[in-house]
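# Structural characterization, general
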Number of protein chains: 2
Amino acid sequence: MPNRILLVEDDVALGQQVVQTLSQAGFDPHWVQDGDSAREIDPDSYRLIILDLMLPGTYGMDLLKRYRLRSEVPVLILSARDDTSDKIRGLKLGADDYVTKPFFPEELIARIQACLRRPNLLETQRLAVGSIQIDLERREARTKTGAISLTRVEFEILALLARRKGSAVSRDAIVDAALDRAHHGSRRTLDVHISRLRSKLGDAAAQLETVWGIGYRLTDTP
Amino acid sequence: MPNRILLVEDDVALGQQVVQTLSQAGFDPHWVQDGDSAREIDPDSYRLIILDLMLPGTYGMDLLKRYRLRSEVPVLILSARDDTSDKIRGLKLGADDYVTKPFFPEELIARIQACLRRPNLLETQRLAVGSIQIDLERREARTKTGAISLTRVEFEILALLARRKGSAVSRDAIVDAALDRAHHGSRRTLDVHISRLRSKLGDAAAQLETVWGIGYRLTDTP
DNA sequence: TGCGGACCTTAAGCGATTCTTAACGCGGTC
DNA sequence: GACCGCGTTAAGAATCGCTTAAGGTCCGCA
């Protein structure tokens, strides 16, 4: 299911509000009201999990640990109390972001989208998009078949698209970020780099989509 | 200057830590320790401003207002105290994100990069009109039956109508926004685009109504 | 200093997609 | 019923992107 989001929240008023916000934003929210029910859920059947830390039954923190053991689904912590030690603990346990009450609906949506775009705000060194993995520190990219050697420009392009996973990135933006601006002559240069990048990506090239008239997009599902 | 970041922070220990974090991440931090100095600064000479809310002299909130009056530079609020009313006020005044102490250096960098990528985290990039969902970032539209591939012009038209959901939009306005104005010739071009858009929308085409003699309207309910 | 290789850029042909125009027919409005 | 606006289709034109091939530059190395 493309837009299924699990909400674990015992506060009825807050839960209703969040469900409504999510629906309006085009997501498909599933609301569970207590920790014990949430224990039984398979985290991988959701694109993202919103987790309240103050829950009856199993505490939210335990749920987070449990989910992290078996899945890499993005988890966004939602806390009614503004407790910074909770924040640290949550993020250390692998939560991807943290929103405290009160918040604007827009803020929640924005953070969700940020999480979906780049799982784990805390791990900036590695990017994973579908079967493509990028190590920004080692400047290395790999696919299922192994490491692939990319030139500087190719790596910049791939990293940029991966950072904005799912978004259409304009040709201009890519040229700005990855190519020497000294040569602003031919507009065909980018094509060539993309072409070679695709051939090096092999099967994973299907993830690098052309957005006609705009630019390119790197998706996690081919 | 490409990576100049202004840090307004009176706490010396925290300031040093942030400056170090920013430098290591490849930014060029400028640190100002009191609000009065910060008043004199031209916000537009920085790519992003990190603002502490608890400052001697002019309070941080006043600074934020002041910056917002003359510039759209991204502002990230950094608050030592975990005060949610501050958060609300800050975001309403146009701050782009909010980080509370304590935080991981990686978290700060991640949020900065998020702000630079998309100023104003609070502006959602999705539109939903009835059963039509439009993702402006992905540049993709979906209906109940799944994603539909739209050309550039078709997408522009749909997005424009969706932004003005419910109201009639004149043919001229649509042509202005979505089509090349170079071709001033035939007024029938728009019809063709609308026609193809409808056929691609499938069932959802019922939401795209003709307003006779005026233009078109995209409604919530078919 | 000269050579070779890796890399970036440019050019050009080709194929694919998209935009526009034209033409015809329908339907609403007076 | 006449007129004007709109829907639809088909076809040509324009645009855009992919690929291959060919310089050109920079760097390391002998």
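Before going into details, it helps to say that this report is about the structure given with it. (Residues numbered from 1 in each chain as written. Chains lettered and ligands numbered in written order. Predicted model: local features only at pLDDT ≥ 70, side-chain atom pairs only at ≥ 80, totals over all residues. Heavy atoms only, no water.)

When its secondary structure is counted, chain A shows eight helices and 12 strands. Residues counted as buried form 52% of the 222 residues belonging to chain A. (Helix = DSSP H or I, 4+ residues; strand = E, 2+ residues; numbered from the N terminus. Buried < 20%, exposed > 50% of the residue type's maximum accessible area, 1.4 Å probe, protein only.)

All chains considered together, the criterion is met by zero aromatic pairs over all chains. Positioned above the aromatic ring of Y46(A) is the side chain of R4(A), whose terminal nitrogen or guanidinium carbon lies 4.7 Å from the ring centre. (Phe/Tyr/Trp six-rings, centres within 6.5 Å; stacked < 30°, edge-to-face > 60°. Lys NZ or Arg CZ within 6 Å of the ring centre and 35° of its normal.)

Quick look at helix α6 (residues 152–163) of chain A now. Residue and element names in this part refer to chain A. Between its first and last C-alpha atoms α6 spans 16 Å; for 12 residues at 1.5 Å apiece the expected length is 16 Å, and the two agree. In terms of burial, α6 is a largely internal element, nine of the 12 residues being buried. Looking at α6, one finds that the buried residues are V153, E154, F155, I157, L158, A159, L160, L161 and A162. (Expected span 1.5 Å × (residues − 1).)

By the burial criterion, the buried members of helix α3 (residues 60–70) of chain A are G60(A), M61(A), L63(A), L64(A) and Y67(A). For α3(A), the angular spread of the buried residues around the axis is 155°, confining them to a single face. (Arc of directions from axis to C-beta.)

Moving on: the protein's contact with DNA strand D. Looking at DNA strand D, there are 20 residues lining it, with R198(A), T210(A), Y216(A), R198(B) and Y216(B) nearest. Among the atoms of DNA strand D lying within 4 Å of the protein, the sugar-phosphate backbone contributes 62%. A distance of 3.4 Å separates a phosphate oxygen of DNA strand D from a polar atom in the backbone of G213(A). (Near = heavy atom within 4 Å. Polar contact = N/O pair within 3.5 Å; in protein donor to acceptor, adjacent residues only side chain to side chain.)

Residue and element names in this part refer to chain A. Two elements in contact, α6 and helix α8 (residues 189–201), have axes whose closest approach is 10 Å; the angle formed by their N-to-C orientations is 85°. Looking at the two axes, α6 sits roughly perpendicular to α8. Residues V153, E154, I157 and L158 of α6 lie in contact with α8, whose contacting residues are L190, H193, I194, R196, L197 and K200. Grouping the constituent residues of the contact of α6 with α8 by class yields six nonpolar, one polar and three charged. (Axes fitted to C-alpha atoms, helices over the stretch in contact; angles between N-to-C directions. Parallel < 35°, antiparallel > 145°, perpendicular 65-115°, else oblique. Contact = heavy atoms within 4.5 Å. Nonpolar A, V, L, I, M, F, W, Y, C, P; charged D, E, K, R; others polar.)

Any two side chains of opposite charge can pair, given that their charged atoms come close. Residues and elements named next belong to chain B. Under the criterion given, the structure shown has 24 salt bridges over all chains. As a salt-bridge pair, R111 and D97 come within 3.6 Å of each other at their nearest N and O atoms. Here D97 lies in strand β5 (residues 97–100) and R111 lies in helix α5 (residues 105–117), a separation of 14 residues in the sequence. Across the pair D191 and R171 runs a salt bridge whose closest N-O atoms are separated by 3.1 Å. Note that D191 is positioned in helix α8 (residues 189–201) and R171 in helix α7 (residues 171–178), a separation of 20 residues in sequence. Exposure remark for R171: the relative accessible area of 26% places this residue in the partly exposed category. (Salt bridge = Lys/Arg side-chain N within 4 Å of Asp/Glu carboxyl O.)

What follows deals with the protein's contact with DNA strand C. Within the structure, DNA strand C sits among 25 residues, and T151(A), H193(A), T151(B), V153(B) and H193(B) are positioned closest to it. Between R152(A) and DNA strand C, the recorded distance is 3.4 Å, taken from a backbone N or O atom to a phosphate oxygen. A distance of 3.2 Å separates a phosphate oxygen of DNA strand C from a polar side-chain atom of T189(B). Going through the elements one at a time, α6 and α8 of chain A together with α6 (152–163) and α8 of chain B are the ones with two or more residues in the surface near DNA strand C. Class assignment of the residues belonging to the surface near DNA strand C gives a composition of eight nonpolar, 10 polar and seven charged.

What follows concerns the environment of V129(A). All names here are of chain A. Note on placement: V129 falls in strand β6 (residues 126–129). A residue is classified by how much of its surface remains accessible, and V129, at 1% relative accessible area, is buried. Spatially, the C-alpha atom of V129 lies 9.5 Å from that of L161, the residues being 32 residues apart in sequence.

Let us now look at the sheet that holds strand β4 (residues 75–79) of chain B. Residue and element names in this part refer to chain B. Read from one edge of the open sheet, five strands run β2-β1-β3-β4-β5, paired in parallel fashion. Edge positions in the open sheet fall to β2 (28–32) and β5, since each of these has one partner strand only. If you compare each strand with its neighbour and ignore which way they point, the axes differ by 20° on average. Packed on one face of the sheet, helix α1 (residues 12–24) meets β1 (4–8), β2, β3 (48–52) and β4 and runs near 165° to β2. Packing against the sheet, helix α3 (residues 60–70) makes contact with β1, β3 and β4, and its axis sits at approximately 155° to β3. (Pairing = 2+ DSSP bridges.)

This is a description of form; function is not addressed.
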